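One letter stands for each residue in the lines below.
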Amino acid sequence: MSAAAAPDLSEFYNQQVQWQPCGEGELAKLQCAAVVVPMNYRKPDAERISVVMSKLPAKDPAKRRGVLLLNPGGPGAEGVSLPLLFEDRPITQSYDLIGFDPRGVGRSTPLRCEVAPSVGTLSSRPSDAEFAVWAAQARAEEEGCERAAGGLRPYINTPNTARDMDVIRGVLGEAKINYLGFSYGTYLGAVYGSLFAKNLDRNVLDSAVHPEWIWREQFRQQAIAIRSNVDEFTAWVGQRDKTYGLGKSAAEVLATSEALAAKLAVTPIEDPTFGRVDRTIYDLILGANARYRPLWDALAELVVTFKAAVESKLAAGSPELIDALKAAKVLYDMAIPPTVDGVFTTVTCEAPWPKDLNTYYSDMRVFREKYPYGFGVLRVAPWNCTFSEFKRPDKLTDLRRTGYPTGLVIQAEADPQTHYDGGPALAAKLNDHLVSVPDDGTHGLYISNACSQAIIDNYLINGVLPGTRVVCPGDPRPNVPADTEATAGRPLGTGESLESTVRDFVAEKKVKTGS
């Protein structure tokens, strides 16, 4: 939508909104308001929808330098409560923190999709005969979304969310916004800067989407990054065979793990109270949590315990097995993000997906063997977008940085949600400065990495850029001696329970779980 052809949107930019508390408890700290925006920006006199924003006012008016718009990613994550996550950070002295639920999400006009009935069981390592079940499930999800999505769905995309952000800027009376976006929010920030360059000031893109991987390749690369984390984990465990007894090399540990997975495929570990672990769940837990270096000790002990259980060396109902099942439940929830309504399954269709099912089936044959961990095969199987037919009013935005300040891109080397390559690629695309965190799988570094926090705060508050390429230390690996050290071979199970270890990590790092 070129500037010359743009219709008059002044009534939206100049509207007056009513602020009121966002809710009770912690939410009462925030003020919320609904902003009216066009459903279709090309026809602003037609249907309209609302976008709800929140505000945490700057604590020191004398130091205030504007607003900092926040986006948590997704696509489709709710953002109204996001300012509360940073209420103790120094940025609250200088900025009004502005959260918002993007169009289609949460308190904003929601996009609803029917929940598709389960067509069949989806295994982490499906046979060729099962491929059709994956395709049928994806088709059912797309049909369910189309049945319920009404006229809104074609207008749920990244450019329109960026246009909504600019209306928010106008409603707030700001000449420019500052921006902090995570995950998908990095791509959204880059699109906003490309469409509204003169309206963007300081900007931070944390855990970056690769600008050339929109969207299928982005998900495909997630499984590859997950496998890299599993390889790092098995190498670390292999150096500690005296402690864990799972093998003396990465290859031996992986072989032990694969043998365990094969047994779980035939005979899952089951407890009537504390759950079930089969091969698919085991693959998910191992792959999705090998990213967290501080949890490697607990993850290795989990493998040891499950191995003992399937070998009948650990009785059903034993305290060790119950503890492991409880920990597995927490790890499983860490791997399953909270579900969102139809925005994720719509925004990810804004770029075309292959229609030939053989393209997916070919990848599935490779990934079930080489990349089955975490979400592995799911990342290359047919998605609802394979079958989507709705018209897309916007092409993908040509990303560029012309006319707004140099920003920061922050990226962890082992982040499986946004592959590390996305960080350097987005930084190069926008001529931004890059902060890298090696040997760390954290997604959203401003939330938990002290070095990244200090750099981001100094940039947002004082305008001070770091070097063009900076390295921050990541979370340390567990302090478990390698076999080559004199103190190697400490006994297992002498510390706190596995469940407590995992829950403490979740609390400390503010890791989101699905429960």
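Going by the structure above, here's the rest.
Residues numbered from 1 in each chain as written. Predicted model: local features only at pLDDT ≥ 70, side-chain atom pairs only at ≥ 80, totals over all residues. Heavy atoms only, no water.

### Focus: the sheet that holds strand β1 (residues 20-21)
On the basis of which strands lie adjacent, the open sheet formed by 10 strands has the order β1-β2-β3-β5-β4-β6-β7-β10-β11-β12 and mixed pairing. Strand pairing shows two members of the sheet lacking a second neighbour, β1 and β12 (469-471), which therefore form its edges. Here helix α4 (residues 158-171) sits on the sheet in contact with β2 (31-38), β3 (48-56), β4 (67-71), β5 (96-100) and β6 (177-182), set at roughly 120 degrees to β2. (Pairing = 2+ DSSP bridges. Helix = DSSP H or I, 4+ residues; strand = E, 2+ residues; numbered from the N terminus. Contact = heavy atoms within 4.5 Å. Axes fitted to C-alpha atoms, helices over the stretch in contact; angles between N-to-C directions.)

### Brief notes about the side chain of arginine 291
By the element assignment, arginine 291 lies in the loop between α9 (279-289) and α10 (296-310). Among the polar contacts listed, one links the side chain of arginine 291 to the side chain of glutamine 417, at a separation of 2.7 Å. Filtering out sequence-adjacent residues up to four positions away, arginine 291 remains in contact with Asn229, Ala414, Asp415, Pro416, Gln417, Asp440, Gly441, Thr442 and His443. (Polar contact = N/O pair within 3.5 Å; in protein donor to acceptor, adjacent residues only side chain to side chain.)

### Focus: the pattern of salt bridges
Applying the stated criterion to the full structure yields 36 salt bridges. Where arginine 42 meets aspartate 394, a salt bridge forms, and the shortest distance between an N and an O atom there is 3.6 Å. Taken as a pair, arginine 42 in the loop between β2 and β3 and aspartate 394 in the loop between α13 (357-370) and β10 (408-412) lie far apart in primary sequence, 352 residues in all. When salt bridges that share partners are traced, they join Asp128, Arg365, Arg368 and Glu369 into one network. (Salt bridge = Lys/Arg side-chain N within 4 Å of Asp/Glu carboxyl O.)

### Here we look at the pairing of strand β11 (residues 433-437)
Regular strands have side chains that alternate between both faces of the sheet. When you tally the buried positions in β11, you get five out of five residues, the bulk of the element. Along β11, one buried face is formed by His433, Val435 and Val437 and the opposite face, lined by Leu434 and Ser436, is buried too. Note that β10 and β11 share five bridges and pair parallel. Each residue of the ladder has a partner; that of valine 409, found in β11, is leucine 434. Handedness of the crossover joining β10 and β11 through helix α14 (residues 422-430) is recorded here as right-handed. Note: β11 against β12, three bridges, orientation parallel. When the bridges of β12 are listed, leucine 434 appears paired with arginine 469. Following the chain from β11 across helix α15 (residues 450-462) to the adjacent parallel β12, one finds a crossover that is left-handed. (Buried < 20%, exposed > 50% of the residue type's maximum accessible area, 1.4 Å probe, protein only. Right-handed = clockwise from strand over helix to strand, strands pointing away.)

### Observations concerning the packing of aromatic side chains
On inspection of all chains with the given rule, the structure shows 18 aromatic pairs. Ring geometry for phenylalanine 219 versus phenylalanine 344: centroids 5.9 Å apart, planes at 50 degrees, classification tilted. Of this pair, phenylalanine 219 sits in helix α6 (residues 216-238) while phenylalanine 344 sits in helix α12 (residues 344-347), and the two are 125 residues apart along the sequence. On the basis of relative accessibility, which here comes to 6%, the residue phenylalanine 219 falls in the buried class. Between lysine 55 and the ring centre of tryptophan 19, over which it is positioned, the NZ or CZ distance is 4.3 Å. (Phe/Tyr/Trp six-rings, centres within 6.5 Å; stacked < 30°, edge-to-face > 60°. Lys NZ or Arg CZ within 6 Å of the ring centre and 35° of its normal.)

### With respect to helix α8 (residues 250-266)
For α8, with 17 residues, the first-to-last C-alpha span of 25 Å sits near the 24 Å given by 1.5 Å per residue. Among the residues making up α8, those that are buried are Val253, Leu254, Thr256, Ser257, Leu260, Ala261 and Leu264. Down the axis, α8 shows its buried residues gathered within 155 degrees of arc, on one side only. Seen from the open side of α8, the exposed residues pointing more than 90 degrees away from its buried face are Ala251 and Val266. (Expected span 1.5 Å × (residues − 1). Arc of directions from axis to C-beta.)

### Some details on the state of the cysteines
In this structure the tally under the stated criterion is four disulfides. Each sulfur in the disulfide pair cysteine 113 and cysteine 145 lies 1.7 Å from the other. Here cysteine 113, found in the loop between β5 and α3 (131-148), pairs with cysteine 145, found in helix α3; they are 32 residues apart in sequence, far enough to count as distant. Look at cysteine 145 and you get buried, because its relative accessible area is 1%. Sulfur-sulfur distance for the disulfide between cysteine 349 and cysteine 385 comes to 2.1 Å. Taking the sign of the S-S torsion, about -90 degrees here, the bridge from cysteine 349 to cysteine 385 comes out left-handed. Highlighted residues: cysteine 349 in the loop between α12 and α13 and cysteine 385 in the loop between α13 and β10, separated in sequence by 36 residues. In this structure, cysteine 349 and cysteine 385 share a single accessibility class: buried. In the chain, the bonded cysteines, numbered by position in the sequence, are linked as 1-2, 3-4, 5-6, 7-8. (Disulfide = S-S within 2.5 Å.)

### What about the packing of α8 against α9?
Packing of α8 against α9 brings their axes to within 8 Å, and their N-to-C directions diverge by 145 degrees. Of the residues in α9, those in contact with Ser257, Leu260, Ala261, Leu264 and Ala265 of α8 are Arg279, Tyr282, Asp283 and Leu286. Of the residues belonging to the contact of α8 with α9, the class tally is six nonpolar, one polar and two charged. (Nonpolar A, V, L, I, M, F, W, Y, C, P; charged D, E, K, R; others polar.)

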